[in-house]
Each structure stands twice: as C-alpha cells, then as structure tokens.
Number of protein chains: 2
Amino acid sequence: MKLIATGLATVLALTAFHAEAAPKKAPVSASGALASPMPVEDQAAALRDAALTANGAYDFLSELTTRFGPRPAGSDSEKRAAEWSAMRLKELGFQNVHIESFPLHVWARGGPETIAITGEFAQPLVGVSLGGSTAGEVEAEAVMFDTYREFLDSKADVAGKIVVILQPMAKASNGSGYGRMSGTVRGKGQLEAQKRGAVGYVMRSLSTDNNRFAHAGASAWTDGKGIPAMAISAPDVSQLSRIKVLQKAGKGGPVRISMKTTGQFLGLKTSQNVVADLVGSEHPEQVIVVGGHLDSWDLGTGAIDDGAGVAITMAAAKVMMDQGVKPKRTIRVVFWGSEEVSQPAGDTTDTGGGAFREAHKSELSNYVAHAESDFGADKLNNFALLPTDDASFVTKLSNLLYPLGIYYDDKATPNGGEDSGAMNGFVPAFDLNQDGYRYFDTHHTANDTFDRIDPQQLNQNVAAYTATLWLMANTDVRFKLPPKEAH
Amino acid sequence: MKLIATGLATVLALTAFHAEAAPKKAPVSASGALASPMPVEDQAAALRDAALTANGAYDFLSELTTRFGPRPAGSDSEKRAAEWSAMRLKELGFQNVHIESFPLHVWARGGPETIAITGEFAQPLVGVSLGGSTAGEVEAEAVMFDTYREFLDSKADVAGKIVVILQPMAKASNGSGYGRMSGTVRGKGQLEAQKRGAVGYVMRSLSTDNNRFAHAGASAWTDGKGIPAMAISAPDVSQLSRIKVLQKAGKGGPVRISMKTTGQFLGLKTSQNVVADLVGSEHPEQVIVVGGHLDSWDLGTGAIDDGAGVAITMAAAKVMMDQGVKPKRTIRVVFWGSEEVSQPAGDTTDTGGGAFREAHKSELSNYVAHAESDFGADKLNNFALLPTDDASFVTKLSNLLYPLGIYYDDKATPNGGEDSGAMNGFVPAFDLNQDGYRYFDTHHTANDTFDRIDPQQLNQNVAAYTATLWLMANTDVRFKLPPKEAH
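In this text, all values refer to a predicted model and were calculated from it rather than measured experimentally. (Residues numbered from 1 in each chain as written. Chains lettered and ligands numbered in written order. Predicted model: local features only at pLDDT ≥ 70, side-chain atom pairs only at ≥ 80, totals over all residues. Heavy atoms only, no water.)

**Focus: the overall build of chain A**
Thought 1: Helix and strand counts for chain A stand at 13 helices and 16 strands.
Thought 2: Compactness check: chain A gives a C-alpha radius of gyration of 24 Å against a globular reference of 23 Å for 487 residues, within 12% of the reference.
Thought 3: When contacts within chain A are restricted to residue pairs at least 6 apart in sequence, those whose partners lie at least 24 apart make up 83%.
Thought 4: Summing over all exposed atoms, chain A offers an accessible surface of approximately 17,300 Å²; the carbon and sulfur share of this is 52%.
Thought 5: Positive and negative charge centroids in chain A, built from 45 and 55 side chains respectively, lie 3 Å apart. (Helix = DSSP H or I, 4+ residues; strand = E, 2+ residues; numbered from the N terminus. Rg over C-alpha atoms; globule rule 2.2 N^0.38 Å. Contact = heavy atoms within 4.5 Å. Areas by Shrake-Rupley, 256 points an atom, 1.4 Å probe, with all protein chains shown as cover. Lys, Arg positive; Asp, Glu negative; His and termini not counted. Charge placed at Lys NZ, Arg CZ, Asp CG, Glu CD.)

Structure representation (structure tokens):
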C-alpha cells in the first residue's frame, strides 16, 4: 500500500525552505532558529515532507533490534541498548544526552517452560508464562471456561485443578480489545484462580491473530507464591474448544494439562531512561517530552513494541537537526526503561516514566506537553489534544496532518503512554495514534521483529511527529490540564 | 475468496442424479452400481457437485488433528491415530479396513533444544534440529555464507566453526523452490560441513514466509555421529544478514553461536499404513490407490502436511458412499505411515509406500493408477496423467475439472507422492496438484494446524478427487507406464 494520501502536496524541495525561503527572505539566525518571515506552519510542512524520505527511524530501529535483540526490563541487554542509544544520540547531534537510572524489581522467564495436554488428547501446546508469575510444575485436570466472566460467576469447584480461560480478544484499529482484558484476564485471573484453590491458570493469549505464537505480558506480582500461570496461542485455544465440543458429544473424557513454569524474581536491580535534548533557542526551559520505551518482552526483538517508538520520536528531532534548524522550545526525547513490568507496591516508581517524574518534578510546571509512541509503526491515524486558548493551533495542526491521512479526534482525551502518562496531572498529554489493527497480531510474541516494520508507514509516523513538534515548539501554545486529574 | 469459478454450472440438484436420472431412466442395480444410461461423466459431475458442500474432509481433519496433535513417524501418537482412523473408516462404510505394519528406524527430537548468538550480538534465535541429526552442544564462531553454492565453492577454513547458510527459498505456486534445496542444503549440508571440520551447521528454514517459525525437515541419516544441525527462522536469518552488513562496515566483530541439539535415534520400531477399500462392483481387482500420509512433523498438528491429504481422498470415496453408488473398479484409500523420515540404507522400505509395494507386489499389475495428495489443502490447480489409448478420457476429465478452476498440464509427467511413488514402474501415477503458493509458509512448523485450512478450498479438492476417481473407476481407461521407469 502506498502511504501518501492523494491529497498530499508534492514534497517540497528543501531548497525552498533553505536556499530560497531561509537565506533570501529569512536568514537563519545565529542560534540556528528559523527567522520569522516564513510562517511556522510552512516550516513545519517542509520538515514534514523532508521526513517522509529521511529513513532515520528505519536505520536506527534496524541497528537497535539487530544489535540487542530482546531488551527485558532490568536486563543487561536493556542496559547495553541504553548505553549504545546514548552514544548514538550524541553522534547524531543531540544535547544533554545522559542516562538516568532507577530501581526495579526484576523478573525473568528462565526456561525452558512447557505446557502440554496429557492423556487421551496428549499433545504439546505453545505457551509462555505470564510476566511476574511463579515457577512451578503441575499436572491436573483442566476446567475450561469460554469467558473470564463465566469463570468469575461460576460456582464450579476448581480446587486442585487448572483453570483455562478460552476467551478471545476483539480486533480493532484502536486496540480497544486489549485494555478490557489485560488488567483482568491477564492481570488478575491467576490470583482469582489461586483463591479458589486452582493449581494452575491458563489463558488464551491476548492475540488478534491465529498464528501459533504465545503472547507474553505483565500479570500480577506474585512474589514467587503464585501458581503456574501461562498464556497459550490462539490455535491451541481453538484446539481446546474443539475438544470441548467432542466432550459434549460424549466423544472424549476430561482434559488433563501439565505445566512447567520457570519465572523468577531476580531481586531489586536497576533500569534506566535515556534522555536527549534538542535545546530550544528561545525558551529552553519550555520542554516538550516525546519518546518510546526501550525495554521489550523477551521473546521477540521489540521492534513494534517499542523500538519503533524510540526510533520515530528520535528521528523526528533528527530531521530538524539534519535540516540545520532549531526549535524555539526544547524537544526532549526520552527512551523510557521498564514499561513492560509489574512491580510490587512500595520501593519503585513502577515505570521509567514514574522515575522521570520524580527526578524532574521541579521542572515540570514549565513543560509544554508529553507524548509516547507505543502502538507500533503502522500509519498514524488520528491525534488528540487537551484544550488550548490558541484557537488556531488545532486548525494549523490539522492542516499539517490531514495530508498524511491523520484526522483530529475531537472526542478523545489524550493520555500519553504508560511511561509519559506518569506526568499526567503535571504536564498536558497529547496523542498521535497509530492504526493498531495489526498491532496485537504480533505484540509480545517471538514474531515482534524488524520484519514487521513497513518503512513507508514508519516514515509517515516520523513526518507527523516532526510537523507536530515543530508547531508546538515554535508557537506559544499551552494546553490545559484536565481539572480532576491533578495529583 | 469464493472458491467456485464463475464458469461452474449451478450445483446439480442431487435428485437429478438419484430420483430423476437414476430411478426413472437408469435404475440403480442390485450391487449399487449406477446403471448405464446416464453417461459416466454426468454421474461424475453430479458427485463432484455433491462433494462441494459435503464437508466430510473438514470434519475428519478437524477430529484427527484435534485428537492426536503431532503424529511423528513411528510414534505412539501416529499409531493411535492409525487405529482411530481404521475405526472411523469402518464406521463410514469402507470395506477391508486394516492396518499394515512395517519396520522403521525412529528419530525423535527430545528437547529442549536451543540456539543463540553469544557475545557482542547476544540474543536467542528460533531454531529446530534437522530430522535425523545428532544430539550435541557446541559454542563456536559462525561462518556465514549467502548461498549453499558459495559454501561448497569456498576455500574458507570452517574447522572448529559453525557453518551458517543464509540462502532463502523461492516462493512459487508449484513449490519448485523446495525440491532444489531439500535434498542439498537440508539433506547434505551438515555432512559437507562436518567433512570440512565444522562443529555445527545452521541453515535458513525452507520457508517462503517471514514469520518467526523454524521449519523442521528430514536431513541425512547421521547415526548419532553427526554435528549439531539446525534450521533457524527466516527473521533470524535476516538478523544475521544485518549483522553481516554491520561487520562489513567495521561496526561489529565475529558472531558466535551456541547450539544445543537433543535429537536421538530410538531404534528399530514400527509404523503402519491404514488401508480401506470401496470395492469395485465389476472389477474389484482393478484398483485405484489414493491417499495421503498420516504421519506429520512434531511441531504442528500436521493439518496441511498431511492430514489434509488423508481427509481429501477419504472424503472423495465417502461422497460416493453417501450417494449410495458404487464404482465398477475398486477405490483404495491408504493413509500412509512414515513419509517424513530419512532412513539408513538396508533393513526398511524407507516409507509406508515402499512397505505397501512390497506387501502387494503380486497385485500391482492389475492396479489402474495411484495418486497422493501431499501439498496442502488450497485449491487444486492442475492435473497430470500418463498417456492412454482412450483419447476421450482427457477430454472428459478436463470438462469435469475446468469448472473447478483446474487445468490439464499436458507437459507434466505425474509422479504420485513420496509414498505412492514407490509404486512407480509398477503402477501408473496421476497427479492432482494444489496451488502451493502458501504451502511452504507453514510447512513443517508449529503453525501447521487446523487453523490453516480453508473449508471451501478443501471441498474443491474433494470434488476434484471425487470426479476423477469416478471417471477412472467407471471407464476402461488404462495408462501407460513410462518405458524407462520400469524397475
């Protein structure tokens, strides 16, 4: 699919921005900031169009995922990726590049972990432990529930048995099927099962595909005292559902499942955020924070989740540097650490975003906005903003993004991401939302690799961030915090 | 995609065959054979159209793959699947249903097996041992070759190192990319590497997709004295190729790989063919043999390879039984055992087909033809026949199959399958060839499950087999063996 909507103006020759627009009409100032005669929205449009062919995100993401593979929160790989990223960001011309460490309770899968049907329908299944769950080995009869609700409402005696939730996940471009299940079926299901005496917990992966991949993901913090808890692939759930049909027809006895999980807590270690600035030429203290998270699940190489996010946001700032221009306000790119984790209550800040909020609390009142790209690298689809007194801002931004096929969602309230959202209440969020229709096909699987990335769609993301950031950084726009969300 | 080509006549009401055509014009004989007034090609067309909505193959394949999962050659699962199949075939009305056992050297993966990059680019890879290879554990520098030819021609010193072949596989609807590599890169590569002192062998999976599945497959019989030999997924090869680019740019040192393989020979055991007849009403000794193979690789549940083949051919005969008609010649359905294996020279017949040929040698001169469905369950695309003196046969069969979108390939020489092909030289082969464009996307992977099956395309397969078998079984057609192929 070609990315660019038919309505997009021909990519502006950059000479129009530099040689003609800048030197003739508006000499670039000593600080590198664009002189004023060229309207800021025209500058943003020219940068946007330059981004469409710059490939900076693609190249960075390629090297990041190739060099480090999976980057689990708190791992050596995440740390080395952070150090390499800091080095690259300096090479690329970012300023104030540094790493901010913070404490984290680390969980690791260990392995090998296994799950299989035993007895009459004996066969191996494809499954992975839920993040934060407990090591153990068990073999017991399975009690299958079509939905999580059915399990909760059921009076079935599951003591000494393995609870299996067959509930599928809805596929939607805004990912709405995920949030309804990640905090419940995946987040709490194993605790509910354990309460009722179950010795194991199995759920269908939160997947919108039917390829045979198990999807990892954070669950409850079990402190090593839980029951084996795993997510199995969608085809394996289809298999169990067919067995259920045979059982109902009197053609099969009970299903028994054996599970071996190996997940362990490794103790309190550290993770880190990588922080890099494109310092504002006029208002350096007025900061716009964007980024993605550098950590990933351990099965794939974290390309769509979320190497893409760090690459997109970094590349947007790089486009400005490559064009030799500087924003008036500071654009701060943060590669967040430890997004993919559950933490016990207490001595950590939960995510890299929380650590950043605490470390930078005194500065936050000057910050303009924050956003996080953490929904893959397919085409951006819409954007959302908090209210602003600058009535022209939305119009200008819409005009910049419509040609990329991105609409303004005036009904949505932006949240930022899992990390940057830690600043909600202090700093206004804005959202640029990808078309996530494919996202949960490979999310948290071994199949989340660089092969999933479409370079044209990735460039569209960079172009949109570039235009948005330039407009925010070169106007006086301020957004209003939602009144109830203040901490 | 709708299956039926626009040219297909509206499915004939079966009453036209039974109530009107048969009872009024052509009473069904006492033996159940159709009386002659209705032309055999019209009978075949009516049966063909009944098959398009019968779903017998889909139901059988569903239960087979659900009950038994993977069915490795010589395993308990393969044996139980054979016994269950025999029971089901009797229930469905087949005659002379029995199991024929034969000896087989059995290899099993064991496990868990692992492969990973260590050192600078440390990360786990997704790989599987090649069938018939040897257990071992090794960590060494990798020497990467873009093609197998490059490795063979190279004078590179690979002693003490791991040979890695990055060569991709071509994607084609006739599967032509596979045969060029299965016997060489996969079949002999590990022996060539071992000859030159290598301590491990890694190849790109014979895959036409870029999902992160490793593809299993038979390699050389190493007798437990080989070197660790594995196939890694296509995305992992892309990863290694990107590392190679970094190395060439001076941005990376040597790649080291660690491998642990666990494949073992379990000794001389048995496998089995399941044989079932629809006995001919006039010429029972004139046999047409069709079938698929019941064994599968151990990673998936063997739906496309080759549960589909047994289901399609069985269901074609079932359509005739369900319509209450009997062929004049015998249609014999064989569920072959042990297609997916390499065997040492000597005391076995290699495949179920070889065992069948030896056990039935005295009957073979009366056999009319053989075919094997072993290329998945997507739409049949073309057919091939050996020469016949009955000039009208090809025309009649073409007329029956064109409406299903199947053309006559007059350039091709039919071979049958890996199993039924053991009868070549004794019994003429015929081929009905699927569109195999997707086949090697999931072939021999964990993803070969029932989810890959499209019921409409599966029914098209059954319809074509039904029409073809009815025409062959109710005419006097004989095909000529290729002169040079006689044993």
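**So, helix α4 (residues 76-92) of chain A**
All names here are of chain A.
Thought 1: Compared with the 24 Å implied by 1.5 Å per residue over 17 residues, the 24 Å span of α4 between its first and last C-alpha is a close match.
Thought 2: The complete set of buried residues in α4 reads S77, E78, A81, A82, W84, S85, A86, L89 and L92.
Thought 3: Against α3 (56-68), β1 (95-108), β10 (264-278), α9 (303-322) and β12 (329-336) lie the buried residues of α4.
Thought 4: Between a side-chain oxygen at the N-terminus of α4 and the backbone nitrogen of S77 the separation is 3.3 Å; the capping residue is S75.
Thought 5: Taken from the residues just after α4, G93 is the one with a positive phi, measuring 110°. (Expected span 1.5 Å × (residues − 1). Buried < 20%, exposed > 50% of the residue type's maximum accessible area, 1.4 Å probe, protein only. Polar contact = N/O pair within 3.5 Å; in protein donor to acceptor, adjacent residues only side chain to side chain.)

**Description of the sheet that holds strand β13 (residues 369-372) of chain A**
Residue and element names in this part refer to chain A.
Thought 1: Within the open sheet, the 5 strands sit side by side as β1-β10-β12-β11-β13. Their pairing is mixed. A single partner strand is all that each edge strand has here, and the edge strands are β1 and β13. Looking at each pair of strands side by side, their axes are set apart by 20° on average, direction ignored.
Thought 2: In this structure, β1 lies alongside β10, joined through 12 bridges in antiparallel fashion. Following the sheet pairing, P103 is matched in β10 by T270.
Thought 3: Running at roughly 10° to β10, α4 makes contact with β1, β10 and β12 of the sheet.
Thought 4: Sitting on the sheet, α9 touches β10, β11 (283-293) and β12, and the angle it makes with β11 is about 145°. (Pairing = 2+ DSSP bridges. Axes fitted to C-alpha atoms, helices over the stretch in contact; angles between N-to-C directions.)

**A look at the interface of chain A and chain B**
A common way to state how big an interface is: give the accessible area lost once the parts meet.
Thought 1: Listed by partner, the interface residues are 35 residues for chain A and 35 residues for chain B.
Thought 2: Interface area for chain A against chain B, summed over the two sides, is near 2,800 Å², with a carbon-plus-sulfur share of 44%.
Thought 3: The largest per-residue losses of area from chain A upon contact with chain B belong to A:T66, A:R67 and A:R212, which jointly make up 23% of the total buried on that side.
Thought 4: Applying the counting criterion to the chain A and chain B interface returns 2 salt bridges. (Buried area = accessible area lost by both parts, 1.4 Å probe. Salt bridge = Lys/Arg side-chain N within 4 Å of Asp/Glu carboxyl O.)

**Some thoughts on the pairing of β11(A)**
Residues and elements named next belong to chain A.
Thought 1: By the criterion of burial, β11 is predominantly enclosed, with 8 of the 11 residues buried.
Thought 2: Regarding the hand of the β-α-β motif, the stretch spanning β11, α9 and β12 is right-handed.
Thought 3: Alignment of β11 against β13, held across 4 bridges, turns out to be parallel. When the sheet's bridge partners are listed, V290 is paired in β13 with A371. (Right-handed = clockwise from strand over helix to strand, strands pointing away.)

**Considering the domain arrangement of chain A**
Residues and elements named next belong to chain A.
Thought 1: Segmentation of chain A into domains returns domain 1 (1-37), domain 2 (39-105 + 267-485) and domain 3 (114-262).
Thought 2: Between the C-alpha centres of domain 2 and domain 3 the distance comes to 34 Å.
Thought 3: Each partner contributes residues to the interface: domain 2 has 21 residues there, and domain 3 has 24 residues.
Thought 4: With both sides pooled, the region where domain 2 packs onto domain 3 buries about 1,700 Å², and carbon together with sulfur makes up 64% of that total.
Thought 5: Looking only at domain 2, the three residues that lose the most surface to domain 3 are Y437, F440 and D441, adding up to 35% of its buried area.
Thought 6: Taken together, the links from domain 2 to domain 3 amount to 1 salt bridge.
Thought 7: One salt bridge connects K171 with D441, and the closest N-O pair in it is separated by 2.6 Å.
Thought 8: At the surface where domain 2 touches domain 3, the tally comes to 8 residue pairs in polar contact (both at pLDDT 80 or more).
Thought 9: When the residues that make up the side of domain 2 that touches domain 3 are grouped by side-chain class, the tally is 7 nonpolar, 10 polar and 4 charged. (Domains from an automatic or database assignment. Nonpolar A, V, L, I, M, F, W, Y, C, P; charged D, E, K, R; others polar.)

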